[in-house]
Amino acid sequence: MTDTPDSTTPAVETAAAARQLLGMKGAKSGETNIWKIRLQLMKPITWIPLIWGVVCGAASSGGFTWSLEDILKAATCMLLSGPLMAGYTQTLNDYYDREIDAINEPYRPIPSGAISLNQVRAQIIFLVVAGLGLAVLLDVWANHPTLPVTKIALLGGFLAYIYSAPPLKLKKNGWLGNYALGASYIALPWWAGHALFGELTPTIVVLTLIYSLAGLGIAIVNDFKSVEGDRQLGLASLPVMFGVGTAAWICVLMIDIFQLGIAGYLIALHANLYAVILILLVIPQIVFQDMYFLRDPLKNDVKYQASAQPFLVLGMLVVGLALGHTLV
């Protein structure tokens, strides 16, 4: 018989430290390095979809080339969307969620006392100011007289604030909050990438807002880890409103239906190959929903996201490429 590793083994300690640094569930408390604590507040794991959204927007614009200048522009836009604006959003959310985190995730930097509230406020201000400054720089670089990237960054900063902060605190409502989150993670970086290399049209705006309804489903996944704290503090997340089982079904149906709806739109554009690829990428997501998420969303939320979301984000790029080849 082999011994099972306990929570003090080096492998477990290393995994917990990595989760802590990335801002994932299941981290440990006790970090003392202030820069690691600040990074944890910014939740680097959440930057990935926003960085990817910029790639999708650049693809849908039809104007991106593999020149050094365009690559540098795209990389700068990724810095804006990921570390700065997403980092601002996550830090702001932790600041206003410190009471909920004290129940659900007491190892988070604020409820654990690892960082002071004044230090958190300073970080919030620095990140949003740096993000807006970088957005202006991108517009100047791209010779945009109407500053579209700056306007998108301002909208993102405003949405992040009303999502987390009272009196609106959109996250109190499972539908409004999760749609705001889904749009922020899919539509806004997509718009930024598209506007940087092309003209942001109403068609692209509407399509990405529809795609963001699939993002609403992804956002619901994050509610399962905090269902107990949400219930105690009166937040109307979908798992609280409908129960864990029903909310899980709402979640997966939103994810699947709106991706398939976009595939249908691609067929209408005669982008049949792209539509078929998108449908094929939805199939493994459905498989992982059945294997993991629907069976136990409280236990398997992270496992499901790790398994299924790569197929979702690949589907986003397929759609971006299809739009770049058919609408431009």
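Definitions and cut-offs
Residues take numbers from 1 onward in each chain, read along the sequence in its written order. The predicted nature of this model means local features are confined to residues of pLDDT at least 70 and side-chain atom pairs, given and counted, to a pLDDT of 80 or more, with totals for whole chains, interfaces and linings taken over all residues. Working from all heavy atoms in the structure, the side-chain values ignore hydrogens and water. UniProt positions are given in the numbering used here, feature names are shortened, and annotations may be inferred rather than shown by experiment. Secondary structure elements are taken from DSSP: a helix is a run of H or I of four residues or more, a strand is a run of E of two residues or more, and numbering for both begins at the N terminus. For this analysis, residues touch if any pair of their heavy atoms sits within 4.5 Å. Accessible area is worked out with a 1.4 Å probe on protein chains only. A residue is then buried under 20% of its type maximum, exposed over 50%, and partly exposed in between. Interaxial angle, 0 to 180 degrees, is taken between N-to-C directions of lines fitted to C-alpha atoms, where a helix line uses only the stretch in contact. Oblique is the label for any angle not under 35 degrees, not over 145, and not in the 65 to 115 range, which are roughly parallel, roughly antiparallel and roughly perpendicular in turn. Rotating anticlockwise by less than a right angle from the far helix to the near helix defines a left-handed crossing, while the corresponding clockwise rotation defines a right-handed one. Throughout, the ten residues Ala, Val, Leu, Ile, Met, Phe, Trp, Tyr, Cys and Pro are labelled nonpolar, Asp, Glu, Lys and Arg are labelled charged, and all others, Gly among them, are labelled polar. Domain boundaries shown here were taken from an automatic or database domain assignment. Once two parts are brought into contact, the accessible area they lose, counted with a 1.4 Å probe and summed over both, makes up the buried area. When a carboxyl oxygen of Asp or Glu lies within 4 Å of a side-chain nitrogen of Lys or Arg, that pair is called a salt bridge. Any pair of N or O atoms that falls within 3.5 Å is considered a polar contact. Within protein, one atom must be able to donate a hydrogen and the other to accept it, and sequence-neighbouring residues count only if both atoms are side-chain atoms. Among buried residues, those of type Ala, Val, Leu, Ile, Met, Phe, Trp, Tyr and Cys that are joined through side-chain atoms within 4.5 Å constitute a nonpolar core.

The chain is annotated in an unreviewed UniProt entry as Chlorophyll synthase ChlG of Parathermosynechococcus lividus PCC 6715. Per UniProt, the chain carries the Subcellular location (unreviewed entry) text "Membrane".

A. Broad picture of the environment of Tyr163. Relative to the elements of secondary structure, Tyr163 occurs in helix H7 (residues 148-164). Sequence separation of Tyr163 and Tyr96 is 67 residues, and the distance between their C-alpha atoms is 9.9 Å. In this view, Tyr163 contacts Asn93, Lys169, Leu170, Lys171, Gly177 and Leu181; residues no more than four positions away in its chain are not counted.

B. Molecular detail of helix H2 (residues 34-42). Within H2, the full set of buried residues consists of Ile37, Arg38, Gln40, Leu41 and Met42. Remark: Lys43 follows H2 within two positions and exhibits a positive phi of approximately 45 degrees.

C. Region of the structure containing the packing of helix H6 (residues 117-141) against H7. At their nearest, the axes of H6 and H7 sit 7 Å apart, and the two run at 160 degrees to each other. With respect to H7, the axis of H6 lies roughly antiparallel. As H6 runs across H7, the sense of the crossing is right-handed. Seen from H6, the contacting residues are Leu132, Ala135, Val136, Leu138 and Asp139; seen from H7, they are Pro148, Val149, Thr150, Ala153 and Leu154. Residues of the contact of H6 with H7, tallied by class, amount to eight nonpolar, one polar and one charged.

D. Representation of the domain arrangement of the chain in the model. For the chain, the assigned domains read domain 1 (31-200) and domain 2 (201-327). Averaged C-alpha coordinates put domain 1 and domain 2 at centres separated by 20 Å. The interface of domain 1 with domain 2 comprises 28 residues on the first partner and 37 residues on the second. It is Trp175, Tyr179 and Trp190 in domain 1 that bury the most area against domain 2; as a group they hold 22% of the surface buried on that side. Where domain 1 touches domain 2, the interface holds zero salt bridges. In this structure, the connection of domain 1 to domain 2 is made through ten residue pairs in polar contact (both at pLDDT 80 or more). Of all the secondary-structure elements, those providing two or more residues to the side of domain 1 that touches domain 2 are helix H3 (47-61), helix H5 (98-104), helix H8 (174-185) and helix H9 (187-197).

E. Region of interest: the nonpolar core. Core analysis: the largest hydrophobic core is formed by 46 residues, its most contacted members being Leu80, Tyr88, Val120 and Leu196. Only H2, H3, helix H4 (68-96), H6, H7, H8 and H9 provide two or more residues apiece to this core. Looking at this core element by element, the count peaks at nine residues for H4. Beyond its immediate sequence surroundings of up to four residues, Tyr88 is in contact with Pro83, Ile124, Leu127, Val128, Gly157, Ala160 and Tyr161. Listed in part, the 38 residues of the second largest apolar core include Trp190, Leu207, Val319 and Ala322.

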